[in-house]
Amino acid sequence: MGTWDEPGAREWRQAVDAADQLRGPKVPVGELPGYLQGCDEVDEVRRLMADPTVPGALTAARAAMRRALRVTPQSCLDQLCYEQRWRGRNRWDGPLQVCDRPTCGRCLLLKAADGDGNAGHSRTA
Ligand SMILES: [Zn+2]
């Protein structure tokens, strides 16, 4: 049985989506630390790839690309975001339920708006 066939799962998903729509984004994506860090890495990639004859340049460029991918926020929810929030819903009693996926386009914004970078999880500590 898939997650979204479990009792109440689809209704829960609709409810959290509706709550997200009401809340709207409070932090511009362009201000997220991961976005800025990703931009820096891409600049580094461009610099390194400008001259591919420099020894080690392409290896360093590829490493920078991987770093960029690890931090650049996604345009939408991480594919595991719903799943993780559904599984953790009983531990999070507040409305600000976030996943801990490092590039989730939804939850990074909520964590940034909350200010402590750890929104939702502080309740469980
Ligand atoms: Zn998320």
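This is a predicted model, so every value here is computed, not measured. (Residues numbered from 1 in each chain as written. Predicted model: local features only at pLDDT ≥ 70, side-chain atom pairs only at ≥ 80, totals over all residues. Heavy atoms only, no water.)

Draft legend 1. Structural context of the overall build of the protein. Assigned secondary structure in the protein consists of five helices and zero strands. In sequence order, the secondary structure elements of the protein are arranged as α-α-α-α-α. Within the protein, the fraction of its 125 residues that count as buried is 34%. Long-range contacts, defined here as pairs at least 24 residues apart, represent 58% of the contacts in the protein between residues at least 6 apart. For the protein, the accessible surface area stands at approximately 8,100 Å², while carbon and sulfur atoms represent 53% of it. (Helix = DSSP H or I, 4+ residues; strand = E, 2+ residues; numbered from the N terminus. Buried < 20%, exposed > 50% of the residue type's maximum accessible area, 1.4 Å probe, protein only. Contact = heavy atoms within 4.5 Å. Areas by Shrake-Rupley, 256 points an atom, 1.4 Å probe, with all protein chains shown as cover.)

Draft legend 2. Seen up close, the coordination of the zinc ion. Surrounding the zinc ion are the protein donor atoms C81 (SG), C99 (SG), C104 (SG) and C107 (SG), which sit 2.3 Å from the metal. If you look at the zinc ion, its four donor atoms make angles of 104 to 113 degrees with each other, and the shape they trace is tetrahedral. The sequence pattern formed by the donor residues of the zinc ion is C-x17-C-x4-C-x2-C. Of this pair, C81 sits in helix α4 (residues 81-88) while C99 sits in the loop between α4 and α5 (107-114), placing them 18 residues apart in sequence. Residue classification places C99 among the buried positions, given a relative accessible area of 0%. (Donors = N, O, S within 2.8 Å, 3.2 Å for Na, K, Ca; no water. Tetrahedral: all angles 85-135°; square planar, octahedral: opposite > 155°, others 65-115°.)

Draft legend 3. Focus on the environment of R23. In this fold, R23 is placed in helix α1 (residues 9-23). Taking the C-alpha atoms as reference, R23 lies 9.8 Å from L110; in sequence the two are 87 residues apart.

That is the geometry; function is a separate question.
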